[in-house]
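Structure assessment
This is what each chain is made of:
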Amino acid sequence: MKHDSEDFDPTAEPIRPLSPIEDYALIGDLHTAALISRSGAIDWLCMPRFDSPTMFAALLDSPEAGHWTLSPASDVIRVEREYLPGTFVLRTVWHTSDGEAEVLEFMPLHDRQANLVRRVRGLRGRVRFAEEIRIRFDYGAATPWMRQVPYGGGKALLATAGPDAVLVRGPRRSAKDLRHVSEFDVAVGETVDLAMTWYPSYRQPPEPFDVDDALEQTIMWWEDWAARSNPPSPFDEQVQRSLLVLRALTHEDTGGIVAAATTSLPEEEGGVRNWDYRYVWLRDAALTIEVLITHGYRAEAEEWRGWLLRAIAGDPADVQIMYGIGGERRLPEYELPELAGYGGASPVRIGNAAYLQRQWDIFGEVMVALHGARTAGLEETRASWPLQRALLSFLEENWEEPDCGIWEIRGAEQKFTHSRAMVWAAFDRGVRGIEEFDLPGDPSRWAELRDRIREEILAHGYDEKRNTFVQHYGGTAVDASLLQLSQIGFVEADDPRMLGTVAAIEEDLMQDGLLLRYRSETGVDGLAGGEHPFLACSFWLVEQYAASGLIAEARAFMGRLVRLVNDVGLLSEEYDPVRKRQMGNVPQALSHLTLVRAADAIAAAERGREDRLPYVRGESEGEQAEVTEQRPGGAPSSPQKPDTGGDRDLGAKPRQARADAEGSTPADAEGSTPADAADSDPPSGQGG
């Protein structure tokens, strides 16, 4: 093995082309995460938390904003990469004309440090690698003082600016134009380790860690966690990776799950709809609890529930839609004009002003999730039920006000049908907590409100002429969030009104085979520009197909959707089906959550539950977990057929929906042809 920094010219920095969003893989340590492109560049890293300022922000500007690139110095013939199975250890194999080498990249777990490792090992011949590192703290604004220092019996590069310090071990680097570069060779069997450690600059540097031990412990922990995932076939690989993504986006200490690892990746090329997703939405936390229970992660579900209860504790009037990772309440939004934005899409935003919004659906999300936890056997804590009662008491007095809705519009508040339905669900689960679990309280007032809200939605949130629920009262447009009405048991999935809603959504919102959230050109959101199809909405449609008995359509559509994951199984927020590009922040927790739910819904429907909804939120998570099993060694397996037994109540009045529809029967699905999983035409669904 030879280290050689003297025989190459480290001067001119080539202009690196913009990497597509889907080119990025994620590694993380349950506190933060890095994004690594297929070209070997770490273009995004915040330390020590997901929401800390960046040290590498090339993703949102150029290499000058900070990056750490490691790749062969000679022409690359082929690049292959994958995660080691069941882990977030990224393995990249570089094929060059001179040989082959692998790079293992990971962030060690449970060491109470912020470390990152890039291990290079020769596989064939001899490969020369080139490294370039440009550290820029505080979103590219702070150029550190850098120097070589003794560390761990050798030398390390130390970067210091303000509160941040970073030590980088590895080959000796040369300074040039405010960046540091090196080149080194690896032959067969040789290994070169490059390791980075962040620490507060006002403290002494931590002791060097052992890379071999860190790698072994990291692999073991991830493999053990993944082995308990019980993913359903035939989408077991995508489900397991999605569950791993959810775990990777969850802070080890607080239990808060960030919506994504990034900020300001645009929803439209060059657009302005660029938001900071490095915070915890109550909606995501609630959905995560349900998914974890379904897949047997009860201890983790209790941790998530703990975060949820701590976050909303206090005066119910102060409940927010989102919080910081530790439950922080102030998330002021500001712009960074010095960063050009991904592909020139500006502004780059830090913080999120949506934390000040009113969104009534979060009350339903919380109540549905906590009812699901009860149903699955998680015991109430001393504070959990009193807190739920307080939330509902506040909701009693305020629910009639308009809100910003699930999509966090920045236009005029409306009475959104989805929000109203989630308020219905909140009171429904409160009533049932008392009636079914003998929790203290008088359910009569909540039951009265539940029924009143239902009547109001049917009177003002439903268009009889078109036979569809509508986005908001007084309007005629539809919204993909209406697909959740059957998920919460407000109506059955095969209720004619639900089938009519699906037909309207397919007609109005299907774009190149994928669903938009809503039509942005209506101006309802108060924002300029547009967006691409929102992936979670298409997964909701899969779930609806499965729940209404269109299993073939569900499987076909799902088969096409899972092809949208990138080469290592990650999904962003949106997808451009024309350019075949992921768009928006990445990896997106909601996209992966809804992928898991869609796969579970298909598996539930295929178990033969023809006479009832396969999968209603807050009802069947425990049952789902009970009917899955795991092969020895943690290999994914298919769900086993349960004892179907007798029917159970799936909502306040789920089967009353048919009576309300005057005895109508579900639309006949004969003649529908499954969508070809390889083409981009809309799936044949419930239209008509």
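Residues numbered from 1 in each chain as written. Predicted model: local features only at pLDDT ≥ 70, side-chain atom pairs only at ≥ 80, totals over all residues. Heavy atoms only, no water.

**Remarks on the side chain of Thr 417**
Here Thr 417 shows up in helix H7 (residues 417-437). The exposure class of Thr 417 is buried, given its relative accessible area of 0%. Setting aside chain neighbours within four positions, we find Thr 417 in contact with Ile 457, Gly 461, Phe 469, Val 470, Gln 471, His 472, Tyr 473 and Leu 482. (Helix = DSSP H or I, 4+ residues; strand = E, 2+ residues; numbered from the N terminus. Buried < 20%, exposed > 50% of the residue type's maximum accessible area, 1.4 Å probe, protein only. Contact = heavy atoms within 4.5 Å.)

**Brief notes about the pairing of strand S1 (residues 25-28)**
The alternating pattern of S1 places Ala 25 and Ile 27 on one face and Leu 26 and Gly 28 on the opposite face, and all of these are buried. Taken together, the four bridges between S1 and strand S2 (residues 33-36) define a ladder with antiparallel strand orientation. In the sheet register, Ala 25 faces S2, and the bridge partner there is Ile 36. What sits between S1 and S2 in their antiparallel hairpin is a turn of four residues, with Leu 30 showing a positive phi close to 70 degrees. (Pairing = 2+ DSSP bridges.)

**Focus: the nonpolar core**
The biggest cluster of nonpolar side chains holds 196 residues, and the ones touching the most others in it are Leu 45, Met 55, Phe 129, Ile 135 and Met 558. The greatest single-element share of this core, amounting to 10 residues, is contributed by helix H13 (residues 589-606). Beyond its immediate chain neighbours, meaning those up to four positions away, Ile 135 contacts Met 55, Phe 56, Ala 142, Pro 144, Met 146, Ala 159, Val 166 and Val 168. One finds Val 89, Ala 195, Phe 209 and Ala 214 within the second-largest nonpolar core, a separate group that totals 11 residues. (Core = buried A, V, L, I, M, F, W, Y, C linked by side-chain atoms within 4.5 Å.)

**Thoughts on the packing of helix H3 (residues 282-294) against helix H5 (residues 361-375)**
At a closest axis distance of 9 Å, the pairing of H3 and H5 adopts a crossing angle of 20 degrees. Our classification of the angle between H3 and H5 gives roughly parallel. In the packing of H3 onto H5, the handedness of the crossing is left-handed. Seen from H3, the contacting residues are Leu 282, Arg 283, Ala 286, Leu 287, Ile 289, Glu 290 and Ile 293; seen from H5, they are Asp 361, Ile 362, Glu 365, Val 366, Val 368, Ala 369, Gly 372 and Ala 373. Tallied by class, the residues present in the contact of H3 with H5 amount to 10 nonpolar, one polar and four charged. (Axes fitted to C-alpha atoms, helices over the stretch in contact; angles between N-to-C directions. Parallel < 35°, antiparallel > 145°, perpendicular 65-115°, else oblique. Left-handed = near helix turned anticlockwise from the far one by under 90°. Nonpolar A, V, L, I, M, F, W, Y, C, P; charged D, E, K, R; others polar.)

**Comments concerning the pattern of salt bridges**
Evaluation of the coordinates by the stated rule reveals 47 salt bridges. Ionic pairing is found between Glu 80 and Arg 78, a salt bridge with its closest N-O pair at 3.0 Å. Under the relative-accessibility criterion, Glu 80 is labelled partly exposed at 36%. Among the residues examined, Arg 78 registers a relative accessible area of 40% and is labelled partly exposed. Notably, a salt bridge pairs Arg 410 with Glu 333, separated by 3.0 Å at the nearest N-O pair. Pair noted here: Arg 410 is in the loop between helix H6 (384-398) and H7 and Glu 333 is in the loop between strand S17 (322-323) and strand S18 (334-335), with a separation of 77 residues, a long-range link. With relative accessibility at 31%, the residue Arg 410 sits in the partly exposed group. According to the relative accessible area criterion, Glu 333 is partly exposed, its value standing at 27%. Beyond isolated ion pairs, a larger network of salt bridges with shared partners links Asp 428, Arg 429, Arg 432, Glu 436, Arg 450 and Asp 451. (Salt bridge = Lys/Arg side-chain N within 4 Å of Asp/Glu carboxyl O.)

**Considerations on H5**
Spanning 15 residues, H5 covers 21 Å between terminal C-alpha atoms, matching the ideal 21 Å at 1.5 Å per step. Extensive coverage of H5 is indicated by the burial of 14 of its 15 residues. Directly beyond the C-terminal end of H5, a positive phi value near 105 degrees is found at Gly 377. (Expected span 1.5 Å × (residues − 1).)

**Details of unusual backbone geometry**
With an omega of 10 degrees, the peptide bond between Met 47 and Pro 48 qualifies as cis. With respect to the secondary-structure elements, Pro 48 resides in the loop between strand S3 (41-46) and strand S4 (54-56). The amide bond that connects Ser 233 to the next residue, Pro 234, takes the cis arrangement and shows omega of 5 degrees. Here Pro 234 shows up in the loop between helix H1 (211-226) and helix H2 (236-248). The phi angle at Leu 30 is positive, at roughly 70 degrees, despite the residue not being glycine. Relative to the helices and strands, Leu 30 is located in the loop between S1 and S2. With a relative accessible area of 0%, Leu 30 lands in the buried category. Positive phi outside glycine occurs at Asp 438, with the angle close to 55 degrees. As for its position among the elements, Asp 438 is in the loop between H7 and helix H8 (444-460).

**Overview of the side chain of His 532**
Mapped onto the elements, His 532 comes out in the loop between strand S23 (514-515) and helix H11 (535-547). On the accessibility criterion, His 532 (11% relative accessible area) is buried. For His 532, the residues in contact, after removing those within four places along its chain, are Glu 267, Glu 268, Glu 269, Leu 516, Glu 574, Tyr 575, Asp 576 and Met 583.

**Regarding the environment of Tyr 518**
Position of Tyr 518 relative to the elements: it lies in the loop between S23 and H11. Separated by 39 residues in sequence, Tyr 518 and Asp 479 place their C-alpha atoms 4.9 Å apart. Leaving out residues up to four positions away in the same chain, Tyr 518 has contacts with Arg 273, Trp 407, Gln 471, Val 478, Asp 479, Leu 509, Val 524 and Asp 525. There is a polar contact of 2.8 Å between the side chain of Tyr 518 and the side chain of Asp 525. (Polar contact = N/O pair within 3.5 Å; in protein donor to acceptor, adjacent residues only side chain to side chain.)

The values are spatial; any link to function lies outside them.
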